[in-house]
2 protein chains.
Amino acid sequence: MQKPVTLAPLRVACSGCNLRELCMPMDLSDLDMEQLDDLTCIKHAYQRGGFLYRSGAKFQSLYAIRTGFFKTQVLHEDGREQVTGFQMAGEIIGMDAISSDAHACDAIALEDSEVCEIPFSRMEELSRKLPTLQRHLHRILSREIVRDQGIMLLLGSMRAEERLAAFLLNLSQRFAARGYSPTSFYLRMTRQEIGSYLGMKLETVSRTLSNFQGAGLITIRNKSVEIHNLQKLQRFVGPPQECV
Amino acid sequence: MQKPVTLAPLRVACSGCNLRELCMPMDLSDLDMEQLDDLTCIKHAYQRGGFLYRSGAKFQSLYAIRTGFFKTQVLHEDGREQVTGFQMAGEIIGMDAISSDAHACDAIALEDSEVCEIPFSRMEELSRKLPTLQRHLHRILSREIVRDQGIMLLLGSMRAEERLAAFLLNLSQRFAARGYSPTSFYLRMTRQEIGSYLGMKLETVSRTLSNFQGAGLITIRNKSVEIHNLQKLQRFVGPPQECV
DNA sequence: CGGGGACTTGATACTGTTCAATTTCCGTGG
DNA sequence: CCACGGAAATTGAACAGTATCAAGTCCCCG
């Protein structure tokens, strides 16, 4: 984040990168698949610390993360910032911008990353022809709403311990879904960024992680996490009296 | 909420209630307008305390609130609840359900209300023919995402005073946009519900409102609020040192 | 190998919660 | 119409959970 450098993204024609993959969960006929191929998109590379987009920038495209890790954050006028999410490979980013034709948050690479740009007007066009694609787009947008509501629940009614346990479990699930270990992974973000996301100060994040380690739930060494007992951690996400 | 009664909603054929109004902010040709009339929807009435939909219910429709006031809430397994929003006339509700074909939260009337049911499959169908409607739907979905991000900012990085000031100002704006007084209105929700929404306890809500009153910013008598100085209240939403 | 940011840990302060006691309000029934 | 009863709201006092401030360590990058 301290790097003021935002390298112009590397533009590479990317024939293999099209909406097909976006639509993997969909039931598509071969015919539909052919049409999807019409919408090949452009691959971009970003260095760690680089901005995928900035708040206020004109909205053109959604982005599918191919590799890497991003954070999104909104800035308050007074300088306070709130991390609104961490996005990893396979996730779509930029949907906040549709409503006003301008991005409502910053998206910043937490490690060297590649994204596929999906021109939104073309996607809208194509989704008028392909009901399954249309449906899929709507699901993606709605899923983001549901995700945000989950974070509201977390921020609004959980204590620091619970928030952090929920956060680790969420990462665990998402890594597992991508074929990585659900119990051993690297945190791409700083304690400060975790804290911003979870509504707590970096010191509290650090202390709480140490507590988890002290309780034998995890081993944490800098940014590498090992979860020893997913069930026990799960039990933290709940009312205190039910905890061990 | 204590009323276990959920009256079957009154079904009324409603020729005047169609997507035209939904699309007011859009630029539509007369021809498009005619097509919109195809999608007349059904009006339903709900009593105070009635459920518009429950978490888990099968998703069929979005709902446009015609009159009245709703809250949406998500329930945690352990019984904790988080109010995720308060919706008033002119707003669309139910978008969280698209992602999984089932509602992800409860929607409950805070006063006697009327809604227009918009069958979503028909809306999708029509939006394939009308790009302006399609665009509008996408904007509505995206706006919800932006709204949620704003609440994350509020919950994650504001203090109780700031949250409540932001809440009152938000209501003020929305009432003003509907032609009501921005400085004098009724709260339809309880202190508990406000607290749940803002991530604080009802006692803290009560105390903070009393403090605002003590500072001459507002007059609050039960559920009626009068804001004496919008600018001063606005100044509360910011870093403490900049406050008077 | 040096320097600066990231992280950890401790002591203290403070915001907001919890528990409890009243008071106020509002819907209901006499 | 008024009186009653329960829910909602207010207020106080003690307490708990985080934040803040501060010091020191670790780690990574150049």
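For every chain, the first residue of the written sequence is number 1, and numbering continues from 1 along that sequence. As a convention, the first chain written is A and the first ligand written is 1, with the rest following in written order. pLDDT decides what is reported in this predicted model: residues at 70 or higher carry local features, side-chain atom pairs at 80 or more are listed and counted, and totals for whole chains, interfaces and linings draw on all residues regardless. Calculation of side-chain values draws on the structure's entire complement of heavy atoms; hydrogens and water are dropped beforehand.

**Quick word on the relation of the copies chain A and chain B**
The copies were overlaid by least squares, fitting only the C-alpha atoms of residues that reach a pLDDT of 70 or more in each copy. For the pair chain A and chain B, the best superposition has an RMSD of 0.0 Å and corresponds to a rotation of 180° with a translation of 0.0 Å parallel to the axis. What the rotation and shift describe, once combined, is the action of a two-fold rotation axis. No C-alpha of chain A approaches the rotation axis more nearly than that of A:Arg128, which lies at 2.2 Å. Of the interface residues in chain A, 100% have counterparts in chain B that sit at the interface too, so the contact is made through matching surfaces. Every residue pair with non-hydrogen atoms within 4.5 Å of one another is taken to be in contact.

**A short note on the protein's contact with DNA strand C**
We call a residue near a molecule or strand as soon as one heavy atom of that residue lies within 4 Å of the molecule or strand. Near DNA strand C lie 20 residues; those nearest to it are A:Ser206, A:Ser210, B:Ala160, B:Thr204 and B:Arg221. Counting only atoms of DNA strand C within 4 Å of the protein, the sugar-phosphate share comes to 69%. Here a phosphate oxygen of DNA strand C and a side-chain polar atom of A:Ser210 are 2.7 Å apart. A run of H or I in DSSP becomes a helix once it reaches four residues, and a run of E becomes a strand once it reaches two; helices and strands are each numbered from the N terminus. Looking at the surface near DNA strand C, the elements with two or more residues in it are α7 (202-214) of chain A together with α7 (202-214) of chain B. Under the rule applied, a polar contact is a pair of N or O atoms within 3.5 Å (in protein, one hydrogen donor and one hydrogen acceptor; residues adjacent in sequence only if both atoms are side-chain atoms).

**A closer look at the protein's contact with DNA strand D**
Around DNA strand D lies a shell of 20 residues, among which A:Ala160, A:Thr204, A:Arg221, B:Ser206 and B:Ser210 are the nearest. The protein-proximal atoms of DNA strand D, defined as those within 4 Å of the protein, are 68% sugar or phosphate. Interatomic distance of 2.8 Å between a side-chain N/O atom of A:Arg207 and a base oxygen of DNA strand D. For DNA strand D, a base nitrogen lies 2.9 Å from a polar atom in the side chain of B:Arg207. Elements represented by at least two residues in the surface near DNA strand D include exactly α7 of chain A together with α7 of chain B.

**Considerations on helix α5 (residues 160-177) of chain B**
All names here are of chain B. To estimate how far a helix should extend, the number of its residues minus one is multiplied by 1.5 Å. Compared with an ideal rise of 1.5 Å per residue, which puts 18 residues at 26 Å, α5 spans 26 Å between its outermost C-alpha atoms and is within 8% of the ideal. Each residue's exposure class comes from its accessible area (1.4 Å probe, protein chains only) as a fraction of the maximum for that residue type: buried when under 20%, exposed when over 50%, partly exposed otherwise. For α5, the set of buried residues is Glu162, Arg163, Leu164, Ala165, Ala166, Phe167, Leu168, Leu169, Leu171, Ser172, Arg174 and Phe175. Following α5 by one or two positions, Gly179 has its phi on the positive side, about 90°.

**Some words on the sheet that holds strand β3 (residues 51-53) of chain B**
A pair of strands is labelled paired if DSSP reports no fewer than 2 bridges between them. An order of β3-β8-β5-β6 (chain B) is seen for the 4 strands of this open sheet, with the pairing classed as antiparallel. Two strands lie at the open edges of the sheet, namely β3 and β6 (81-88) of chain B, each paired on one side alone. Neighbour to neighbour, the strand axes of the sheet diverge by 30° on average, direction disregarded. Where strand β5 (residues 69-75) of chain B lies against strand β8 (residues 106-109) of chain B, 4 bridges are found, and the strand directions are antiparallel. Of the residues in β8(B), the one forming a bridge with B:Thr72 is B:Ala107. Between the N-to-C directions of two axes lies an angle of 0 to 180 degrees, each axis being a line fitted to C-alpha atoms and, for a helix, fitted only over the stretch in contact. Here helix α4 (residues 131-157) of chain A sits on the sheet and contacts β5 and β6 of chain B; the angle it forms with β6(B), its principal contact strand, is near 120°.

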